[in-house]
Amino acid sequence: TPRVFSGIQPSGGLTLGNYLGAIKRFVDMQDAGAYQTIYCMVDLHAITVWQDPADLARNTRELAAGFIASGIDPEKSILINQSQVPEHAQLAWIFNCVARMGWMGRMTQWKDKAGKNAENASLGLFAYPALMAADILIYHATHVPVGEDQKQHLELTRDIAAKFNHDYGVDFFPMTEPVIEGAATRVMSLRDGSKKMSKSDPSDASRINMTDDADTIAKKIRKAKTDPEPLPETYDGLKDRPDARNLVNIYAALSDMSRNDVMAQVGGQQFGQFKPALADLAVEKLSPISGEMARLMQDTAEIDRILARGAERARAIAAPILDQTYRIVGMVR
Ligand code: TYM
């Protein structure tokens, strides 16, 4: 069976962008039954920028709770935190020696995050995509569901696999397929439709957090930026209306409807009518998840047991692949 891998950084709370662009898709792929699915809290990636240790531990457990509350079943899927499967970091070292400085320097996320002060960025932040490639390839995963912002990193993953295979004259690492599908591959800020919804945006009103209560969710949607026109009859009519388009995309993703079906239903409506309907839908879908997350967080020992068990299952796959990699490279075993 083809293998799916994806990861999320435990570097703050979960947003609606993470949920619709990633976790909801993870659940779909798990439930499709056609894949072996492995999902990961990438704690090693998180520390490429400073994380308070107590916050990191809490965010890792809360993210695990978010996965489970959203429908990831730790029996059906393998649920892990990256640092408990040391093979990720071990393969990443090999990939640090395969990837080129120039490739890393061209990553837009590196340029955005390091900015003009690259001298002061961590070496880990620069090497970040090599660890990400290792996350995927240590399982020979073939499908990686992500939001649009990870596309460039997945192209680099293919470049690393291809260069390794070429340099060592093997056909060992597979070419992974990004799975960037659905209505919400890029959820935008509620305050500015040209910016991605992000946990690091200083304005809390710009995003919906998975831990927001019903009133907060409704208020943020009511206040979301829009334009004065009613909704058009077709999705095409949203082309130059990023704020309106974003709300329609969120509606489509939350309701599992196609964008065209949503437009057939809401075309012609004023935002005074559409926003309350969207708020109701968001509360209906998200409140049960945040409630379940809070419940799971009352028993963190159980979460830790789930992650320890996940790590065992993950290592059973990863250890032989690492061993073969070392042999290919010429490391004496
Ligand atoms: P991270 O933690 O920034 O985001 C986790 C996932 O959420 C998606 N996402 C969004 N999707 C739609 N709209 C948004 N506004 C939005 N914001 C975030 C991201 O695309 C991602 O799928 N480098 C990765 C983590 C990672 C990983 C991996 C992913 C590490 N190793 C291996 C896949 C495979 C990251 O920083 O995602």
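Residues numbered from 1 in each chain as written. Predicted model: local features only at pLDDT ≥ 70, side-chain atom pairs only at ≥ 80, totals over all residues.

Student: Please provide a residue-by-residue account of the site of the ligand, values included.
Tutor: In the region of the ligand, 26 residues are neighbours, and G7, Q9, G17, G21 and G147 sit closest. Secondary-structure elements contributing two or more residues to the shell around the ligand are strand 1 (3-8), helix 1 (16-32) and helix 7 (123-137). For the shell around the ligand, the class distribution of residues is 11 nonpolar, 11 polar and four charged. (Near = placed C-beta within 6 Å. Helix = DSSP H or I, 4+ residues; strand = E, 2+ residues; numbered from the N terminus. Nonpolar A, V, L, I, M, F, W, Y, C, P; charged D, E, K, R; others polar.)

Student: Please provide a residue-by-residue account of the pairing of strand 2 (residues 36-41), values included.
Tutor: For a regular strand, the rule is simple: side chains alternate between the two faces of the sheet. Judged by how many residues are buried, strand 2 sits mostly within the fold: five of six residues are covered. When strand 1 meets strand 2, the two strands line up parallel, connected through six bridges. The partner of G7 across the bridge, within strand 2, is C40. Regarding the hand of the β-α-β motif, the stretch spanning strand 1, helix 1 and strand 2 is right-handed. Of the pairings in the sheet, the one linking strand 2 to strand 3 (residues 78-81) comprises four bridges and is parallel in character. Paired with Y39 across the bridge in strand 3 is L79. (Buried ≥ 20, exposed ≤ 12 C-beta atoms within 10 Å, placed from the backbone. Pairing = 2+ DSSP bridges. Right-handed = clockwise from strand over helix to strand, strands pointing away.)

Student: Account for the domain arrangement of the protein chain, with residues named and values stated.
Tutor: Considered domain by domain, the protein chain is made up of domain 1 (3-179 + 299-329) and domain 2 (204-295). Taken together, the contact between domain 1 and domain 2 spans 11 residues of the former and 10 residues of the latter. For the side of domain 1 that touches domain 2, the secondary structure elements donating two or more residues are helix 1 and helix 3 (53-70). In the side of domain 1 that touches domain 2, the residues fall into six nonpolar, four polar and one charged. (Domains from an automatic or database assignment. Contact = placed C-beta atoms within 7 Å.)

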